[in-house]
Each structure stands twice: as C-alpha cells, then as structure tokens.
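# Coordinates in review
Next come the chains, spelled out residue by residue.
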Amino acid sequence: MKHGGDLTEAMARYGGSPQMWLDLSTGVNPWPWPIPADLPGVVWQRLPSRADEEALIAAAREAYAVPAGAEVVAAAGTQSLIQWLPQLASAGPVAVVEPTYNEHALAWRMAGHEVIARAGLEDLPEAVRHAVVVNPNNPDGRVIFRAALARAAARLRERGGWLIVDEAFADIEPEISAVGLCVDLPVVVLRSFGKFYGLAGLRLGFAIAHKDIAQRVALALGPWPCSGPALTIGIAALRDHEWAHGTRDALQHQACELDAVLAAAGFRMVGGTGLFRLAQRADASKVHASLATQHIWCRRFEWADDLLRFGLPSHKHDLDRLAGALASFK
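Let us look at the structure shown here. (Residues numbered from 1 in each chain as written. Predicted model: local features only at pLDDT ≥ 70, side-chain atom pairs only at ≥ 80, totals over all residues. Heavy atoms only, no water.)

### Let's talk about the pattern of salt bridges
Heads up, the condition is: The term salt bridge refers to a side-chain nitrogen of Lys or Arg lying within 4 Å of a carboxyl oxygen of Asp or Glu. For helices the rule is a DSSP run of H or I covering at least 4 residues; for strands it is a run of E covering at least 2, with both sets numbered from the N terminus onward. Residue exposure (1.4 Å probe, protein chains only): buried if accessible area is under 20% of the type maximum, exposed if over 50%, otherwise partly exposed.
Taken as a whole, this structure holds twelve salt bridges when the rule is applied. Close ionic contact of E167 with R191 constitutes a salt bridge, the shortest N to O distance being 3.1 Å. Residue E167 is located in the loop between β6 (163–166) and β7 (187–192), and its partner R191 is located in strand β7; the two are separated by 24 residues in the primary sequence. A single burial state applies to E167 and to R191, both of which are buried. One salt bridge in this structure joins R281 and D283, with 2.7 Å as the shortest N-O distance. We classify D283 as partly exposed; its relative accessible area is 25%. One network of salt bridges, in which partners are shared, links E9, R13 and R300.

### Comments concerning the side chain of T26
Test applied: Polar contacts, as used here, are pairs of N or O atoms within 3.5 Å; protein pairs need one atom able to donate a hydrogen and one able to accept it. Residues neighboring in sequence count only if both atoms are side-chain atoms. The criterion used for residue contact is that any of the two residues' heavy atoms lie within 4.5 Å.
If you trace the backbone, T26 turns up in the loop between β1 (22–23) and α2 (42–45). A distance of 3.2 Å separates a polar side-chain atom of T26 from the backbone nitrogen of V28. With residues up to four places along the chain from it excluded, the contact list for T26 reads G4, G5, L275, R309 and G311.

### Some remarks on the environment of Y64
Tracing the chain through its elements places Y64 in the loop between α3 (50–63) and β2 (70–75). Placed 110 residues apart in sequence, Y64 and P174 show a C-alpha to C-alpha distance of 7.6 Å. Beyond its immediate sequence surroundings of up to four residues, Y64 is in contact with D171, V179, R191, S192, F193, F206, I208 and L238.

### Some points on the sheet that holds β2
Working definition: the strands of a sheet are paired by backbone hydrogen bonds and lie parallel or antiparallel to each other. Inclusion rule: DSSP-based pairing: two strands are paired if at least 2 bridges between them are found. Axis lines are fitted to C-alpha atoms, over the contacting stretch for helices. Their N-to-C directions set the angle, which ranges from 0 to 180 degrees.
With respect to topology, seven strands assemble into an open sheet ordered β2-β8-β7-β6-β5-β3-β4, the strand pairing being mixed. Edge positions in the open sheet fall to β2 and β4 (115–118), since each of these has one partner strand only. Within the sheet, the average angular offset between the axes of one strand and its neighbour, ignoring direction, is 20°. Judged from the three bridges that link them, strand β3 (residues 94–97) and strand β5 (residues 130–134) form a sheet pairing that is parallel. Counted as the bridge partner of V96 is V132 from β5.

### Here we look at the side chain of R159
Within the secondary structure layout, R159 lies in the loop between α6 (146–158) and β6. Of note is the side chain of R159, whose polar atom sits 2.8 Å from the backbone oxygen of V128. Contact partners of R159, with chain neighbours within four places excluded, come to L124, P125, E126, V128 and R129.

### Describing the pairing of strand β10 (residues 276–280)
For a regular strand, side-chain orientation follows a simple rule: the groups alternate between the two sheet faces. In terms of burial, β10 is largely enclosed, as four of its five residues are buried. Note: β10 against strand β13 (residues 304–311), five bridges, orientation antiparallel. Across the sheet, the residue bridging to L278 is R309, located in β13.

### Here we look at the sheet that holds β10
Within the open sheet, the four strands sit side by side as β9-β10-β13-β12. Their pairing is antiparallel. Of all strands in the sheet, those with a lone pairing partner are β9 (268–273) and β12 (299–301), marking the two edges. Taking the axes of each pair of neighbouring strands and ignoring which way they run, one obtains an average angle of 25° across the sheet. Where helix α9 (residues 241–264) meets the sheet, its contacts fall on β9, β10 and β13, and the angle it forms with β10 comes to roughly 20°. The sheet strands contacting helix α10 (residues 284–293) are β12 and β13, and the helix crosses β13 at an angle near 45°.

Structure, rendered in structure tokens:
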C-alpha cells in the first residue's frame, strides 16, 4: 500500500463495491467540516482573486498562530510542496527521520539529493545540509520537541541548509508546532488542511517560513495555486475556531474508543495521533488479510510485518463491525 484512502487495490484483490468497505486506511478526520450547500457560483466561474488569496493567508496565519516575521504560502495540498522544496533547496545531502511518510525521501531523491536515513535529529553527519522530520510522525506519532528542532535548524543554518517540519497531524496538538522557529531559523513548516478538516479531496496546504524561503516557494508555484472553491472553503473552515476546538476533543475520545477495541483483540498500542492509531501484533499481516476478506481496510507496512495502522471509524456501528471482525483473534 503506497498510500491510504484508495480502495482500488482492496477491491481488486478482495472484491466488493466502495459502499461495502469500511476504510480505515487513512489519517483523515471522519467528521469533516460542513461545507455550505450554497457556495456562490462565482467561485467556479472566475479565477481566484488576490483578495481571496490574502483572506486565506490571513485565516491560516491566525489558525496556525504564525508569528510576524514568518510568511504563509498556500498550495494545492502539501504534496505539491513536498515535491517542490527539494527542487528549490541548495545542493547537498538530506537527512530524513525515518520510518515516516515515504514521499519525502522519494521527492529529494528525484531532485538529485542523496538521502540519509536517520533515527533522529541528533548528531547529524557533517555532510548533511538539509533535514526532514514529520512531527508528529506518521505512523508512530512520535513528537520531537521545539528545543531539539531549534538546535538542528541552527546547525543546518551554518551549512546553508533547511529543516523541513511536516506538521500534517499537528492540528490535534497545536502547542507542538514549530512555526515560532521560522522567524529566525531556516525552518519550513508544512501544514495540511485536508486531514484535520476532513476534506482531503479539496487539496489545500500551506508552507510557513521566513520570507526569503517563502518567496521562492510562491514564485515556484506561480499564480492561482489554489482553486476558488478551496479558497472559499478554506477561509471559512480555518476561521471556525469553535468547530476546531470541539473536533479535537471528539477525535481524542474516538481514538480512545478505537484503542479499547484493538487492545481487546490482543493488539499492543505502540503509537499514533488523534487521527490514527498504530497497533502491534506478531501476526499483523494475517489480521490484515482477514479484515480485508471482511471488507475492512487498514494500513500495513512493507518494513514491519507486525504493525497495522488504523484510522478512526466514524460511527459506533463501525467500531462494532471492527470489533466483530477481530473477535477470532482475541
């Protein structure tokens, strides 16, 4: 499984229609921000205006607590930023803290950089110019705290490099964000809109960095990097602080409910965030196949056959369905 959220492989191997499947392969909020039914037709009919783009940036700046002195660049999803940053960075090896989202290492390799896998940011080899960390990490939820990020960024600044901090899952715990480091250090923070707001198909994301780096990213993306509907929905959702606060509580509660189901089935909980859980069993591959025959899809990993990642079920009956499917493994 290269990515979650695509049932093509599941249906090809195990049959069934999309409606028959319980898809737990993503880390996307199962309770999306409610899109208004009456979006104005003009958002589809005209090019996005500069005023709309500025309003989105202002909403993102407030939602992500971006300090003065750091700039925000909007893009059609953080994946496009992940692929652009290696093209814009200076030459030299990059350290990627692994295991993690595999598109980071792939993008840097495709841009001609040597990729050096590391278990952490301490004692980066002298040859390393840039570093990438997903924080909290996917799939284990590990968090590297701000002081350690600052130390690594300061070392990379001496080498003319950047520290990329992918905060795709930081909306659940906004206090861990490294946006405050972007003012004085070569830190690029990536924020994904679609995961926490449950609207992955909208394709919206942000890069936050010192203005020198941000301007290079903005020039690379070119004009109209986000669609009119994405701007309109993004502005309204990012301004909805009451929804965000309530959603954080609801997600954490649902994650605990999922933990209980998995623990009852003999899994050991070894990590995760409020949007997904990482669970361990010696026979995880067998469990994955059994669930798939019952049209329940979760994430497995080529590098660890004893781990499965589960997204959050949206309803109690989905939790009950998962518990029933796992009953034979208790």
